[in-house]
Structures are given as structure tokens and as C-alpha cells.
Amino acid sequence: MKKLEQLKKELEKYINNEKAKFLPKFFQAYPGGYGEGDRFLGIQVPNQRKVAKKFRDLTFEEVEKLLHSEYHEHRLTAIFILIHKFKENPEKVVEIYLRNIDKINNWDLVDSSAPHILGQYLENKDRNILYEFAKSKNLWKQRIAIISTHYFIKQNDFNDAINIAEILVNHKHDLIHKAVGWTLRKIGDKNKELELQFLKKHHKVMPRTMLRYAIEKFPEEERKNLLKGVFQEKGVQK
């Protein structure tokens, strides 16, 4: 594990103590927060990416050990290395990812990994695992489910994104509201009519934050009307 210790020492060069004090609040690592118990070194993401690229030849065993670190930045760096290794051995990367899914335990860890690892892997495969995650009671699995579909959306493949958004549309947590809204916005960038169909169907029950994220890029007047339930394209008010 000598190489792993070298990686950790390399990361230590970028520690920022002020940032280390700020990050637990930002990621709600305080008692009762969604990131409760997490620890931070205070290393900026670009520096983690730089170190991950330098140490991308770490063995899978070493990467998995890094994923078990108590430090958030270690786990995120491990994710970046797994993404580097995906082309080399996608099956092994996904095996490690799923075996350590409990370590993908904050929104940035999910968002940095889900499309590039699980989403990319499932492009031409059975996607039932995403529905299992969406229907689970685990916040991070649910976010992984919806964020993984961003890879499909890039390929103009919207069905799973829409279906999983429908599963999560009444979710209680703000982090899911934002994730679903963001996903709908990405769908709208490719197919606005499809996004509008979803909004017409669900706007009365979907959380306000979800709706606001979904229509963030719409023209101001249209955005205001949609917040009132007015769909201008067909002159329909619901």
C-alpha cells in the first residue's frame, strides 16, 4: 500500500484549514445533518482531480481501501480514480462501486460518480437496479438512481429518467427535489415538450424547489406562468 500512502501525502499538500472548518457545515456533517459524522481535510476538488490523475494506476485494492477512508476528500479522490479506470475494466469498477455504495454518502460523491460509472455501464444493459435504488429508503441510493440517468439523457434516451422522476416526485427530502428538478431541466434542454408533459402531469404535487429547478432556464415570463400552473404552448391552465 506504499502508493496509497504516497497519494495521501500528495493530497496533504493541498489542505486548507479554513476550508476544513467550512465544509462540515456546507455538507451538513453536523449531528442530524444528512452528512452527519463525515470528516474533511479542506482540499479543493480541482486538486483532488489532479492527484487522482497522477495516481490513476493505483490498484483496485488500494482504491477500494481509499473509499473506506473517514475523510470525504479521500473518498472523492477514489471516485475520480475509478472513473479513470472505467475504460480499463468497467465491470471491476462497477463491482467496487456497488460493493461500497454506502461510502457514496453525500451529494457531491453521488453527482461526481453516478452518471460516469453506473449510468455509463448500464447504457446497453438491464437497468432494474436503478428502480430498486429509487424505491429504496436510502437517500443516496435514490439520488444515485436519478443522477445516473443523466448519462442516458446525453444519448437522447429519456424513458428511465422520466420513470424514476415519477417514482421520486413526492419525495420529502430537498436533495431529491433538486436532483429531480435538475434532471428534468436536462431533459428539457434536449426535448422541452417532454419536460412540459411531465410538468403538466405533476406540477400540482411536485415540491416547489423541484419545479423551480426544472424551469430555471425557461424565459422569465414562461417561468412565472408555469409557477402559476399556466402552460402557454397550448393555452392550458391547470
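Since the structure is predicted, the reported quantities are computational estimates derived from the model, not experimental observations. (Residues numbered from 1 in each chain as written. Predicted model: local features only at pLDDT ≥ 70, side-chain atom pairs only at ≥ 80, totals over all residues. Heavy atoms only, no water.)

Whenever I open this one, the overall build of the protein confuses me. Can you help?
Looking only at helices and strands, one finds 15 helices and two strands in the protein. Here the protein has a C-alpha radius of gyration of 19 Å; the compact-globule value for 238 residues is 18 Å, and the two agree. Taking the principal axes of its C-alpha atoms as reference, the protein extends roughly 65 × 40 × 30 Å. Counting across all 238 residues of the protein, residues that qualify as buried make up 52%. Residue pairs in contact within the protein that sit at least 24 positions apart in sequence constitute 69% of those at least 6 positions apart. As displayed, the protein offers around 12,100 Å² of accessible surface, 47% of which is attributable to carbon and sulfur atoms. Separation of charge centres in the protein, based on 45 positive and 33 negative side chains, amounts to 3 Å. (Helix = DSSP H or I, 4+ residues; strand = E, 2+ residues; numbered from the N terminus. Rg over C-alpha atoms; globule rule 2.2 N^0.38 Å. Buried < 20%, exposed > 50% of the residue type's maximum accessible area, 1.4 Å probe, protein only. Contact = heavy atoms within 4.5 Å. Areas by Shrake-Rupley, 256 points an atom, 1.4 Å probe, with all protein chains shown as cover. Lys, Arg positive; Asp, Glu negative; His and termini not counted. Charge placed at Lys NZ, Arg CZ, Asp CG, Glu CD.)

Would you explain the environment of asparagine 170 in this entry?
Relative to the elements of secondary structure, asparagine 170 occurs in the loop between α11 (159–168) and α12 (174–190). Given a relative accessible area of 48%, asparagine 170 falls into the partly exposed group. Separated by 32 residues in sequence, asparagine 170 and histidine 202 have C-alpha atoms that sit 9.4 Å apart.

Just to check I follow, could you spell out the domain arrangement of the protein for this structure?
One widely used convention gives an interface's size as the accessible area the parts lose upon coming together. Domain boundaries in the protein define domain 1 (1–105) and domain 2 (110–232). A C-alpha centroid distance of 26 Å is found between domain 1 and domain 2. Listed as interface residues are 16 residues of domain 1 and, on the opposing side, 17 residues of domain 2. Buried area between domain 1 and domain 2, both sides added, is near 1,400 Å², and the carbon and sulfur share of it is 81%. Three residues stand out in domain 1 for area buried against domain 2, namely Tyr34, Phe86 and Tyr97, and they jointly supply 37% of the buried area on that side. At the surface where domain 1 touches domain 2, the tally comes to zero salt bridges. Viewed at the interface, domain 2 and domain 1 are joined by two residue pairs in polar contact (both at pLDDT 80 or more). Taken together, the elements giving at least two residues each to the side of domain 1 that touches domain 2 come down to α5 (72–85) and α6 (90–99). A per-element tally of the side of domain 1 that touches domain 2 places α6 first, with six residues. Looking at the side of domain 1 that touches domain 2 residue by residue, the classes come out as 14 nonpolar, one polar and one charged. (Domains from an automatic or database assignment. Buried area = accessible area lost by both parts, 1.4 Å probe. Salt bridge = Lys/Arg side-chain N within 4 Å of Asp/Glu carboxyl O. Polar contact = N/O pair within 3.5 Å; in protein donor to acceptor, adjacent residues only side chain to side chain. Nonpolar A, V, L, I, M, F, W, Y, C, P; charged D, E, K, R; others polar.)

Would you mind going over the pattern of salt bridges with me for this structure?
Here the idea is simple: oppositely charged side chains can pair when their charged atoms come close. One pass over the structure, following the stated rule, counts 20 salt bridges. Between arginine 99 and glutamate 64 there is a salt bridge, with the nearest N and O atoms lying 2.8 Å from each other. Note that arginine 99 is positioned in helix α6 and glutamate 64 in helix α4 (residues 60–67), a separation of 35 residues in sequence. In this structure, glutamate 95 and lysine 92 form a salt bridge, with 3.6 Å as the shortest nitrogen-oxygen distance. Residue glutamate 95 and its partner lysine 92 are both found in helix α6; the two are separated by three residues, about one turn of the helix. The exposure class of glutamate 95 is partly exposed, given its relative accessible area of 37%. Taking relative accessible area as the criterion, lysine 92 reaches 26% and is therefore assigned partly exposed.

I keep staring at unusual backbone geometry and nothing clicks. Help me out?
Most peptide bonds take the trans form, and the phi angle of most residues other than glycine is negative. The backbone phi angle of glutamine 28 is positive, close to 50°, even though this residue is not glycine. Mapping glutamine 28 onto the fold places it in the loop between α2 (17–26) and α3 (45–54). Within the chain, asparagine 156 stands out as a residue other than glycine whose phi angle is a positive 60°. Note that asparagine 156 resides in the loop between α10 (139–154) and α11.

Sorry if this is basic, but what is going on with the side chain of aspartate 38 here?
Relative to the helices and strands, aspartate 38 resides in the loop between α2 and α3. When sequence neighbours within four positions are dropped, the list of residues in contact with aspartate 38 reads Ala29, Glu70, Tyr71, His72 and Arg75.

I keep staring at the nonpolar core and nothing clicks. Help me out?
Taken as a class, soluble globular proteins show a tendency for nonpolar side chains to be buried jointly. Counting 73 residues, the largest nonpolar core has Ile144, Leu184 and Leu199 as the members making the most contacts within it. Built from parts of two domains, this core gets at least three residues from each of domain 1 (1–105) and domain 2 (110–232). Setting aside chain neighbours within four positions, we find isoleucine 144 in contact with Tyr97, Ile101, Ile104, Val110, Ala114, Leu118 and Phe133. (Core = buried A, V, L, I, M, F, W, Y, C linked by side-chain atoms within 4.5 Å.)

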